[in-house]
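Each chain, written out:
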Amino acid sequence: MRLPAERPAWRRALDARIDRWLTQPELYRFAIGNPITRWFTRRRAEKLFGVMAGFVHSQVLLACVRLQLLEAVRTQPRTLEELATLAQVPAAPLERLIRSAVSLQLLEPRGGGRFGLGALGAPVATHAGLRDMIEHNAVLYADMADPVQLLRAQSDAAMHALWPYTDASDAQAVQGWSDVKVAQYSELMASSQRFVIDELLATYPFEQHRCVLDVGGGKGGWIGALAQHAPTLQLQLFDLPPVVALARRHLQGLGVAQRVAVHGGSFAHDPLPRGADLVTLLRVAHDHPDHVVRALLASIHAALPEGGTLLLAEPMAEPQDRPAVGDPYFHFYLLAMGQGRLRTPDELMALMTEAGFRRPELLRNPMPMHARLIVGRKD
């Protein structure tokens, strides 16, 4: 993490005075009594309450997903009694959930005692991958029930156990993973990857390349989508041996297996396959510490020909002077997972430059919350 520059002495003294001033009870009483400052005070109180209540909001969303309420009203509005029957929950407590979902815009009243999809409930009802992530986040919520304990002992987190590669210290370790464990995390990666795929296809002109290698490609969700999007491209996928077995089956099901060369190995130990003029790295770097990312970027640089390109896509942190509301989620998710960290675009571009890529560039894309994109080229 790049820390901001030290503030001058006069600014530190001013900051200390402002801190003392803002915490005086007399200021609060003045602020709520003054018509000019009352709006700002109310706004700050509402934002603070939103932070405090955020966990409850997440659980309301989780309950709606588990009870399939949003899917139930997708085709037609339903009454409380109809939803209680479908969810097998008594009407009285379910009404509390429905009223909460209405306040969060997951549901909305439609008249006649019926409820339909709200503005925020529609995407949840539409995308199975989003529902999978909401259900998956229940593991993170459980780990964060005691956030201090999580800070002290990340290896005890349930989230840590879900990601097998965080414990793989050598190439042989992955051979001991169970098929169920590999399939579980591979399926989660694939179902949640749809939003990143849409960002890539909407932003980058892949047709200008001849061959694309996806490193850490999982079961082939991205490379399969790219095969369907750009039928003239040659394609390669590289991931751990237990994972590429799933990729072969998935790509066969899509009817594109003959166009994708699948390679098994560990990017921490094995050289990457050659022949691609574009390497894609989707949501891989933030899962790993700096020394692993440095070695991976150097390996990608070595595998690319002169003029080759690296396209990196993942969630990224904002600088400390303007942090994004999504940053805390990724900071703690990666903490519970057991390794990796959320980096700013500048930090990632510095790592790419260190590996030899020329003038990395941050691309503009429609929904940077899902992922931001950086392109670097090999001279």
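Values in this document were obtained by computation on a predicted structure and should not be read as measured data.

Undergrad: Break down the overall build of the protein chain for me, citing the residues and quoting the values.
TA: The secondary structure content of the protein chain amounts to 17 helices and ten strands. Burial statistics for the protein chain: of 379 residues in total, 45% are counted as buried. Across the protein chain, contacts joining residues at least 24 apart in sequence account for 67% of those joining residues at least 6 apart. When the accessible surface of the protein chain is split by element, carbon and sulfur atoms take 57% of a total near 20,200 Å².

Undergrad: Tell me about the sheet that holds strand β4 (residues 211-215), and name the residues and values.
TA: Pairing in this open sheet of seven strands is mixed, and the strands run β6-β5-β4-β7-β8-β10-β9 from one edge to the other. Edge strands, defined here as strands with exactly one partner in the open sheet, are β6 (260-264) and β9 (357-363). Taking each pair of neighbouring strands and ignoring which way they run, the sheet shows an average axis angle of 20°. With five bridges joining them, strand β5 (residues 234-239) and β6 adopt parallel strand pairing. Within β6, the position partnered with F238 by the bridge is H263. Packed onto the sheet, helix α13 (residues 221-229) meets β4, β5, β6 and β7 (278-282) and runs at close to 175° relative to β5. Running at roughly 160° to β7, helix α15 (residues 290-303) makes contact with β4, β7, β8 (309-314), β9 and β10 (372-378) of the sheet.

Undergrad: Any details on the packing of aromatic side chains? Residues and values, ideally.
TA: This structure, assessed with the given rule, holds five aromatic pairs. On the numbers, 5.2 Å between centres and 55° between planes, the contact of F206 with W222 is tilted. A residue pair is termed long-range when its members are at least 10 positions apart, and F206 in the loop between α12 (194-203) and β4 and W222 in helix α13 qualify at 16 residues. W222 matches F206 in its accessibility class, with the two residues each being buried. Through pairs of rings, three or more aromatic residues link up here, namely Y204, F206 and W222.

Undergrad: Tell me about the pairing of β4, residues and numbers included.
TA: The element β4 is extensively covered by neighbouring structure, given that five of its five residues are classed as buried. The two faces of β4 match: C211, L213 and V215 on one face and V212 and D214 on the other face are all buried. Crossover connection from β4 via α13 to parallel β5: handedness right-handed. Bridging between β4 and β7 involves three bridges; their strand directions are parallel. Residue L213 lies in a different strand from β7, and its bridge partner there is V279.

Undergrad: With reference to specific residues and values, describe the packing of helix α3 (residues 35-66) against helix α8 (residues 128-143).
TA: In contact at an axis separation of 10 Å, α3 and α8 are set at 130° when each is read in the N-to-C sense. The angle between α3 and α8 falls in the class oblique. Seen along the crossing, α3 lies across α8 with a hand that is left-handed. Between α3 and α8, the contacting residues are F55, S58, Q59, L61, L62, V65 and R66 on the first element and R131, I134, E135, A138 and Y141 on the second. Along the lines of polarity and charge, the residues of the contact of α3 with α8 split into seven nonpolar, two polar and three charged.

Conventions adopted
Residues numbered from 1 in each chain as written. Predicted model: local features only at pLDDT ≥ 70, side-chain atom pairs only at ≥ 80, totals over all residues. Heavy atoms only, no water. Helix = DSSP H or I, 4+ residues; strand = E, 2+ residues; numbered from the N terminus. Buried < 20%, exposed > 50% of the residue type's maximum accessible area, 1.4 Å probe, protein only. Contact = heavy atoms within 4.5 Å. Areas by Shrake-Rupley, 256 points an atom, 1.4 Å probe, with all protein chains shown as cover. Pairing = 2+ DSSP bridges. Axes fitted to C-alpha atoms, helices over the stretch in contact; angles between N-to-C directions. Phe/Tyr/Trp six-rings, centres within 6.5 Å; stacked < 30°, edge-to-face > 60°. Right-handed = clockwise from strand over helix to strand, strands pointing away. Parallel < 35°, antiparallel > 145°, perpendicular 65-115°, else oblique. Left-handed = near helix turned anticlockwise from the far one by under 90°. Nonpolar A, V, L, I, M, F, W, Y, C, P; charged D, E, K, R; others polar.

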